[in-house]
Amino acid sequence: MAEDTINRADYILNIDGISKAFGGTQALKDVQLHVKKGEVHALLGENGAGKSTLMNIIIGLLQRDEGTIEFEGKPYEVKSPVEAMQRGIAMVHQELNPEPYLTVAENLFLHRESMVGKSIFLDKKSQNARAQKILDEFDVKFTAKTMMQDMTLAQVQMAEIIKAVSCDARLIIMDEPTSSLDSNETDHLFATIRDLKAKGVSIIYISHRMEEIFEICDQVSVFRDGRYVESRPVEGVSHEELIRLMVGRKVDNVFPKVDCPIGEEVFRCENLTGKGFENISFTVHAGEILGLSGLVGSGRSETVRAIFGLDPIQSGKMYLDGKEITNKSPKDSISKGICMVNEDRKAYGLCLFRSLRENISLPNLPTHQPKLLLNQKRERAEVSDVAKKLTVKAASMEHSAYSLSGGNQQKVVLSKWIMASPKFLILDEPTRGVDVGAKSEIHTLMSQFAAQGMAILMISSELPEMMGMADRVIIYHEGHQNGEFLREDIVSGKVTQDDILAKEFGK
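These numbers were taken from a predicted model, which means no experiment stands behind them.

Turning our attention to the overall build of the chain. The helix and strand inventory of the chain stands at 19 helices and 20 strands. Computed over the C-alpha atoms, the radius of gyration of the chain is 24 Å, within 12% of the 23 Å expected from 2.2 N^0.38 for a compact globule of 507 residues. Seen along its three principal axes, the alpha-carbon backbone of the chain occupies a region of about 70 × 55 × 50 Å. Classification of the 507 residues of the chain by burial places 53% in the buried group. Of the roughly 22,800 Å² of accessible surface on the chain, a fraction of 50% belongs to carbon and sulfur atoms.

Pasting the structure below:
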């Protein structure tokens, strides 16, 4: 979009010639972005394309090296997110980092608290009432007095979205806002976005879920390798063309599922009951990818947490290779050959400021390094070997996990468990917040693991992913199993996405 082809008065945000470097790495180079008033503007690109860097510059977390920003027709320069919010720009981050010991109300009004008159004292009663009124409009299942640490990932995400909406911003940046939301919560968010748009609020919408771009966005801009590629109206552009613009090549199959022989039973549970689920029974076989599908809070993640030993099991039995087992901790599970990729990789899957070598090696030290002294040469060789097999893209295994893109961070988490040679691998949202190119690579790896005889249990909130990768899909509704579908029926069209959704809603 050339500058001389636009009427700048129609745009709430005009960004031109922005560049940003970190040492010798050029994160952004001469990028532009123009967002109209009352427009939902999608920003697409692979992990590492520069999207988040530009957004962090807009809200003041980073300072640009070059370029200009205009907001509402005036030069724009801020030093912090608080200052950005005061100017009328708010952001919902992909990587949620709430204050765990605050209530929802305190989080909602952080830096804009309700005070008693002109005093220095906080008016908690008034603040809680204001917060609850806002929450009631969104029909959420938590209250103003709920502690942030007691909420699920999806609830925290919804609370952060509500916080951004409630501050009367004229421009809201949403970075992967639906990554932890179920279809019902996503529909509610989209209704909110449409309402904001009708009121003249502009949205910058970042998502790797293509179907959302076509449903909610008006315009789309694409970044690749830190550079601006192109902007187009969403109407008239194809799914395939957007992927080609993002990755610079054609991606033929995002779900490269390879059918392989299903072998003997590896894992079985009978009538498992715990917090959030009841009387769950299923089997997973060698070479099989079993999907657990359901709304957020339906009991899917609660089930696998209990299987892995993170949460207690109240009743029921589990069997591995035909022998009854009990897992009182993740350490128990790992020792038996059961590994789990958690839905929140940064909170539970990675030591962010440790090296890639340490992250991959850490859970494998008891089996790979049984002696008192660490054999560093052997460690480096083993870690490099598994990272190469999983195509982890990093200049060195000594770089920190924090420095990697979301897709590569996810492959590091996978690498540490593949190095453990598990019999049974649990994947909870394996491609959450991962771009389309890395997503295809992870799906390919899943098929390779299954072909090698691994039993895989997958949870995904993305129905296309579930339908594209699972051999069987078990449906959850309010903590109970509510149906099962076979891959052959999904592939043939006998079972549709609507059929799965109906079961998820209890029909």
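Moving on, there is more to tell.
The next point concerns the nonpolar core. Taken as a class, soluble globular proteins show a tendency for nonpolar side chains to be buried jointly. Core analysis: the biggest nonpolar cluster contains 51 residues, and Ile-172, Ile-193, Ile-203 and Tyr-205 have the highest contact counts within it. With eight residues, the top contributor of residues to this core is helix α5 (residues 153-166). Counting 46 residues, the second-largest nonpolar core is a separate cluster that includes Leu-404, Leu-414, Ala-438 and Ile-500.

What follows is about the pairing of strand β19 (residues 472-477). Most of β19 is tucked away, with five of its six residues classed as buried. In this structure, strand β13 (residues 289-293) lies alongside β19, joined through four bridges in parallel fashion. Directly across from Leu-292, in β19, lies its bridge partner Ile-474. One ladder, built from five bridges, connects β19 with strand β20 (residues 480-486); its direction is antiparallel. Across the sheet, residue Val-473 finds its bridge partner in β20, namely Phe-485. The hairpin turn running from β19 into β20, its antiparallel successor, is two residues long, and Glu-478 in that turn takes a positive phi close to 50 degrees.

Now for helix α8 (residues 239-247). Listed in full, the buried residues belonging to α8 are Leu-242, Ile-243, Leu-245, Met-246 and Val-247. Summarising the contacts, the buried residues of α8 are in contact with β3 (40-44), α7 (210-216), β9 (219-224), β10 (227-233) and α16 (436-451). Trailing α8 by a residue or two, Gly-248 shows a phi angle of about 75 degrees, which is positive.

Pairing is antiparallel in the open sheet, where four strands are placed in the order β12-β11-β14-β15. The sheet terminates laterally at β12 (277-285) and β15 (323-325), the two strands that pair on one side only. Between one strand axis and the next, the sheet turns through 15 degrees on average, direction left out of account. Summarising the sheet, strand β11 (residues 265-274) and β12 pair through six bridges and their orientation is antiparallel. Among the inter-strand pairings, Phe-267 is bridged to a residue of β12, identified as Val-284. Across the face of the sheet, helix α9 (residues 300-308) comes into contact with β11, β12 and β14 (313-320) while running at roughly 70 degrees to β12.

Conventions and cut-offs
Residues numbered from 1 in each chain as written. Predicted model: local features only at pLDDT ≥ 70, side-chain atom pairs only at ≥ 80, totals over all residues. Heavy atoms only, no water. Helix = DSSP H or I, 4+ residues; strand = E, 2+ residues; numbered from the N terminus. Rg over C-alpha atoms; globule rule 2.2 N^0.38 Å. Buried < 20%, exposed > 50% of the residue type's maximum accessible area, 1.4 Å probe, protein only. Areas by Shrake-Rupley, 256 points an atom, 1.4 Å probe, with all protein chains shown as cover. Core = buried A, V, L, I, M, F, W, Y, C linked by side-chain atoms within 4.5 Å. Pairing = 2+ DSSP bridges. Contact = heavy atoms within 4.5 Å. Axes fitted to C-alpha atoms, helices over the stretch in contact; angles between N-to-C directions.

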